[in-house]
2 protein chains.
Amino acid sequence: MNFKYIEGGICAAKGFKASGTYCGIKKPAMDNQNPDIKHKNDICLYVSDVVCNAAAVYTQNKVKGAPILVTKKNLEKSGNKAIAVIANSKNANTCNADGEQKADRMCQLVAEELNIPQEQVIVASTGVIGQVLPIEPIEKAVPILAKSLCYNKNLEAATAIMTTDTVKKEYAVAFEIGGAICHLGGMAKGSGMIHPNMATTLNFITTDCAISSELLQKALSEIVKVTYNCLSIDGDTSTNDMVSIMANGLAFNEEITAEGEEYEIFKQALYEVMSNLTRMLAKDGEGASKLLECLCTGAQDKDTAITVAKSVVCSSLFKAAMFGEDANWGRVLCAIGYADAEFDINKVDVDLRSDKGAVTVCKDGSGVEFSEEKAAEILSADEIYIDINLNQGEESATAWGCDLTYDYVKINGDYRT
Amino acid sequence: MNFKYIEGGICAAKGFKASGTYCGIKKPAMDNQNPDIKHKNDICLYVSDVVCNAAAVYTQNKVKGAPILVTKKNLEKSGNKAIAVIANSKNANTCNADGEQKADRMCQLVAEELNIPQEQVIVASTGVIGQVLPIEPIEKAVPILAKSLCYNKNLEAATAIMTTDTVKKEYAVAFEIGGAICHLGGMAKGSGMIHPNMATTLNFITTDCAISSELLQKALSEIVKVTYNCLSIDGDTSTNDMVSIMANGLAFNEEITAEGEEYEIFKQALYEVMSNLTRMLAKDGEGASKLLECLCTGAQDKDTAITVAKSVVCSSLFKAAMFGEDANWGRVLCAIGYADAEFDINKVDVDLRSDKGAVTVCKDGSGVEFSEEKAAEILSADEIYIDINLNQGEESATAWGCDLTYDYVKINGDYRT
């Protein structure tokens, strides 16, 4: 299979227009959580030229943001069809008595402006939990967003969903299905409150590949499990997590309606985009100075590999050690040891690796001598790989995270003001 | 029931002698993780005048420190009898190929010196994982420890088990059972890698109450569940967690051999000591500036109350907000929402409280207006109480934790050197 990286994010697929603007959901003076994005976009819209098959996965947090409830309701009502997505940052519209009413209103504004059914609008919000969402700025913004929709304004949208993110996250690929060139791309936001459970943060995927909504949902659920759900920044599962995907069929391949070779290609394309977005999210974790990528091989089953790899990237102690560039591998073993899975700890090998080299720190569950100097050099890199071999099977999985730094504490000690 | 706080820690009960010394397990020059405890004790011994009934609970981490394995083996072999406990800090003797051999040797040294059966010795180690334990310093220390045993040297022992702890942790109570005055006391260590699962950190309890080893084990397991297991500093379950308890019967009450009123009094005494030690552990969490105590009431069952209360004190985001004295109650709701328990989130009320007042921040799962000024004043205190009422039952539980600070990152960025 051949996947070619392309520019364009959510506008990489044919027939998707986007726009973004600053509407002032938070007052500029209060918007000091990241001086670099002051006055930047806080709301976006994207729209397909034709009706799409759609699928989504949502947070498993019992506290669900109002936009989650409204999107779910809309997709049920429309039979998993969607045309437009509206998303804002800086206010999560969660734990508000009037939250659903406001989220409905956002869909209504888009529907009226674009003359489409309200239930074909997906809505998403991210930001502070528990503050009333001001609807007036959105009422003013929607006509502006609609008028400025354009096939190459993916960046306007990708920056509008940023909160404490320091970089925008977009990725897209081109691939071939049955002679037709297809495109699949996406954008993501998220920096803190990231410990996905069935879904994570806000992620928006678009494709021009023709595929049934049933298979779209199946592929999304499968790939979420091995990408976003293998990511943790801080162990906190957000109330507003959602991944949505829209397929408009404008690549004019024969619609994928059954599992088989074409479905596998589509799934692989989805993996390419979602795993790259996952990596970007990890690398831009709140306060992060290093990306941590943990590969667990030799597991008896996939779930064990996922559980072990995630346990390591979730360990606060290990994350702090990586910030300090300290090869404290005992903390890796400790985190493997409390992972909720069945395996023999006495067979486990651990290597630490980066572009500066690799070193084996643990063999058969016990420490081995290694050069602290070499280890310190390896850990001075920006991207650290922790390779765990359980040596008791053939399955593997990757999990992504970041180090725990002073800046994480700083950012989160005073997020609201 | 009447419990009187008394001095004496593990020597509060009749017939328990203790001692502690510095043997140099880590070289003084390397011992820079806490300048205040440089050259302080790193090994201790305590001994009962007569054979004790004993019980213990151990970490559920698959990686188990060698001392855990040896203590378990010893108590099985001795039929839950014990006379002496030896414990060292600064080296966990975990993930070492020769770990069990060294832990056995520590017991042997004590047994020979005191002329007691080797299987009646409990051994514990805490400190860095995966560094070979030097046995020579311990061979030299044991005769010194044995010679300096004394009925009031509990402090020498309590300081010997400290790692990144900044204060020693001791607590003891006197109480009456069947006309006999009993004493129960303990010491604890632990500051990081604290997220107990069946046991936590190193905790040593002694009592002169006469009670069968079966009921001792039962009481310990029950009280651990609502004290140490409701504590989290950083989400990392240690490899060397252990709580041991020894009862020598020197209070000469009629031995408690069945559940009933006397057993309940004993259990309550154990709760008094263990809950106070738990609180001390939370307050001295690595880098902590504030104690967090979360009380969950109105739960349908005890496990739900425990799960919800723990979820809140485990949230990195909420912990960072408390450090910043920011009343970001949305993070409390978020953490309640991802707790792995069944309940209706729309009935939940949340109050924030300290010795400076209280404020309701959430009612029926939605935010309510409150004075940010008042909230900031409340959160400026050293001990913060989060009161959650699920409003759907009669059960309650408390969990303890601390805030997430720059110092946590600093301490753990470079723990080994």
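Just above, that's the structure.
Below is a short write-up of the structure. This one's a predicted model, so the numbers in the text were calculated from it and none came from an experiment.

Conventions and cut-offs
- Residues numbered from 1 in each chain as written.
- Chains lettered and ligands numbered in written order.
- Predicted model: local features only at pLDDT ≥ 70, side-chain atom pairs only at ≥ 80, totals over all residues.
- Heavy atoms only, no water.
- Helix = DSSP H or I, 4+ residues; strand = E, 2+ residues; numbered from the N terminus.
- Rg over C-alpha atoms; globule rule 2.2 N^0.38 Å.
- Contact = heavy atoms within 4.5 Å.
- Areas by Shrake-Rupley, 256 points an atom, 1.4 Å probe, with all protein chains shown as cover.
- Lys, Arg positive; Asp, Glu negative; His and termini not counted.
- Charge placed at Lys NZ, Arg CZ, Asp CG, Glu CD.
- Salt bridge = Lys/Arg side-chain N within 4 Å of Asp/Glu carboxyl O.
- Buried < 20%, exposed > 50% of the residue type's maximum accessible area, 1.4 Å probe, protein only.
- Phe/Tyr/Trp six-rings, centres within 6.5 Å; stacked < 30°, edge-to-face > 60°.
- Pairing = 2+ DSSP bridges.
- Axes fitted to C-alpha atoms, helices over the stretch in contact; angles between N-to-C directions.
- Parallel < 35°, antiparallel > 145°, perpendicular 65-115°, else oblique.
- Left-handed = near helix turned anticlockwise from the far one by under 90°.
- Polar contact = N/O pair within 3.5 Å; in protein donor to acceptor, adjacent residues only side chain to side chain.
- Nonpolar A, V, L, I, M, F, W, Y, C, P; charged D, E, K, R; others polar.
- Expected span 1.5 Å × (residues − 1).
- Least-squares fit on C-alpha atoms with pLDDT ≥ 70 in both.

Of the regular secondary structure elements, chain A holds 11 helices and 15 strands. What you see for chain A is a C-alpha radius of gyration of 22 Å, in line with the 22 Å of a compact globule of 417 residues. Partitioning the intrachain contacts of chain A with sequence separation of at least 6 by distance along the chain shows that 82% fall at a separation of at least 24. For chain A, the exposed surface amounts to about 14400 Å²; the carbon and sulfur share of it is 47%. Charge separation in chain A, taken as the distance between the mean sites of 39 positive and 57 negative side-chain charges, equals 7 Å.

This part is about the pattern of salt bridges. Taken as a whole and assessed by the stated rule, the structure comprises 35 salt bridges over all chains. Where K218(A) meets E259(A), a salt bridge forms, and the shortest distance between an N and an O atom there is 3.5 Å. You can see K218(A) sitting in helix α5 (residues 213-226) and its partner E259(A) sitting in the loop between β9 (242-247) and α6 (261-283), a full 41 residues away along the chain. When its relative accessible area of 32% is taken as the criterion, K218(A) is described as partly exposed. Between K169(B) and D165(B) there is a salt bridge whose closest N-O contact spans 2.6 Å. For D165(B), a relative accessible area of 0% puts it in the buried group.

What follows covers the packing of aromatic side chains. Pairs of aromatic rings are described using the distance from one ring centre to the other and the angle between the two planes. Going through the model one piece at a time under the given rule, you end up with 9 aromatic pairs over all chains. When the centroid spacing of 4.8 Å and the interplanar angle of 50° are considered together, the rings of Y5(A) and Y171(A) count as tilted. Residue Y5(A) is located in strand β1 (residues 4-5), and its partner Y171(A) is located in strand β6 (residues 169-177); the two are separated by 166 residues in the primary sequence. Exposure remark for Y5(A): the relative accessible area of 41% places this residue in the partly exposed category. Among the aromatic residues, ring-to-ring pairing joins F323(A), Y406(A), F323(B) and Y406(B) into one connected group.

A few words now on the sheet that holds strand β12 (residues 357-363) of chain A. All names here are of chain A. Read across the open sheet, the 6 strands follow the order β13-β12-β11-β14-β10-β15; overall the sheet is mixed. On the outer flanks of this sheet lie β13 (366-367) and β15 (395-402), each paired with one strand and no other. Taken together, the 5 bridges between strand β11 (residues 349-354) and β12 define a ladder with antiparallel strand orientation. Residue pairing in the sheet places S354 in a bridge with G357 of β12. Packed onto the sheet, helix α8 (residues 316-323) meets β10 (291-299), β14 (383-389) and β15 and runs at close to 125° relative to β10.

Residues and elements named next belong to chain A. As a packed pair, helix α1 (residues 66-78) and helix α2 (residues 99-114) sit with axes 8 Å apart at the nearest point and diverge in direction by 55°. Judged by the inter-axis angle, α1 sits oblique to α2. Judged by the twist between their axes, the crossing of α1 over α2 is right-handed. Where α1 abuts α2, its residues A66, P67, L69, V70, K73 and N74 lie against G99, E100, A103, D104 and C107.

Moving on to the side chain of T71(B). Residues and elements named next belong to chain B. Here T71 is to be found in helix α1 (residues 66-78). For T71, a relative accessible area of 0% translates into the label buried. Within the local environment of T71, its side chain forms a polar contact with the backbone oxygen of V123, the two atoms lying 2.7 Å apart. In contact with T71, not counting residues within four places along its chain, are Y58, I122, V123 and M242.

Bringing the pairing of strand β6 (residues 169-177) of chain B into the picture now. All names here are of chain B. For β6, a buried count of 8 out of 9 residues is recorded, marking the element as mostly surrounded by other parts of the structure. In this structure, strand β1 (residues 4-5) lies alongside β6, joined through 2 bridges in antiparallel fashion. Residue pairing across strands places K4 opposite A174, the latter belonging to β6. In terms of strand pairing, β6 meets strand β7 (residues 180-189) through 9 bridges, oriented antiparallel. Residue pairing in the sheet places V173 in a bridge with L184 of β7. Linking two consecutive strands that pair antiparallel, namely β6 and β7, is a turn of 2 residues; a positive phi of about 55° is found at G178 within it.

Between chain A and chain B, the contact holds 53 residues from the first and 53 residues from the second. For the interface between chain A and chain B, the tally reads 0 salt bridges. On the surface where chain A and chain B come into contact, there are 6 residue pairs in polar contact (both at pLDDT 80 or more). Mapped onto the side of chain A that touches chain B, the elements with two or more residues apiece are α8, α9 (330-337), β13 and α11 (406-413) of chain A. The class makeup of the residues in the side of chain A that touches chain B is 23 nonpolar, 19 polar and 11 charged.

The subject of this paragraph is the sheet that holds strand β14 (residues 383-389) of chain B. Residues and elements named next belong to chain B. Here 6 strands make up an open sheet; going across it, the order is β13-β12-β11-β14-β10-β15 and the pairing mixed. Edge positions in the sheet fall to β13 (366-367) and β15 (395-402), since each has one partner strand and no second. Relative to β14, strand β11 (residues 349-354) runs antiparallel, the two being bridged by 5 bridges. Residue pairing across strands places L352 opposite I386, the latter belonging to β14. Sheet strands in contact with helix α7 (residues 302-314) are β10 (291-299), β14 and β15, and its direction is about 20° off that of β15.

Right, let's talk about unusual backbone geometry for a bit. Here C95(A), not a glycine, exhibits a phi torsion of approximately 65°, which is positive. Mapped onto the fold, C95(A) is located in the loop between β4 (81-88) and α2. Positive phi values are uncommon outside glycine, yet K90(B) reaches one of about 80°. Tracing the backbone through its elements, the reader meets K90(B) in the loop between β4 (81-88) and α2 (99-114). On the basis of relative accessibility, which here comes to 5%, the residue K90(B) falls in the buried class.

Residues and elements named next belong to chain A. Tracing the backbone shows T398 in strand β15. Accessibility expressed as a relative area gives 16% for T398, which makes it buried. The contact partners of T398, leaving out residues within four places of it in the chain, are V226, C230, E293, C294, L295 and A309.

For the rest of this paragraph, the subject is the packing of α11(A) against helix α8 (residues 316-323) of chain B. Where α11(A) meets α8(B), the closest approach of the two axes is 7 Å, and the angle between their N-to-C directions is 75°. With respect to α8(B), the axis of α11(A) lies roughly perpendicular. Of the residues in α8(B), those in contact with Y408(A), V409(A), N412(A) and G413(A) of α11(A) are S316(B), L317(B), A320(B), A321(B) and F323(B). Looking at the contact of α11(A) with α8(B) residue by residue, the class counts come to 6 nonpolar, 3 polar and no charged.

Moving on: α2(B). All names here are of chain B. In this model, α2 (16 residues) spans 23 Å end to end at C-alpha, consistent with the 22 Å of a helix rising 1.5 Å per residue. Those residues of α2 that sit buried are G99, K102, A103, M106, C107, L109, V110 and A111. Summarising the contacts, the buried residues of α2 are in contact with β3 (43-58), α1, β4, β5 (121-125) and α3 (136-147). Just past α2, the residue N115 takes up positive phi, approximately 60°.

Take chain A, turn it by 180°, move it 0.0 Å along the axis, and it overlays chain B with an RMSD of 0.0 Å. Read as a symmetry element, the transformation amounts to a two-fold axis. No C-alpha of chain A approaches the rotation axis more nearly than that of Y406(A), which lies at 2.6 Å. Of the residues that chain A buries at the interface, 100% are likewise interface residues in chain B, meaning the two copies contact each other through the same surface.

On to the environment of A18(A), then. Residues and elements named next belong to chain A. With respect to the helices, strands and loops of the structure, A18 is situated in strand β2 (residues 16-21). Expressed as a C-alpha distance, the spacing of A18 and N88, which sit 70 residues apart in the sequence, is 14 Å. With sequence-adjacent residues up to four places away left out, A18 is seen in contact with I10, C11, L45, Y46, S148, L149, C150, K153, N154 and A157.

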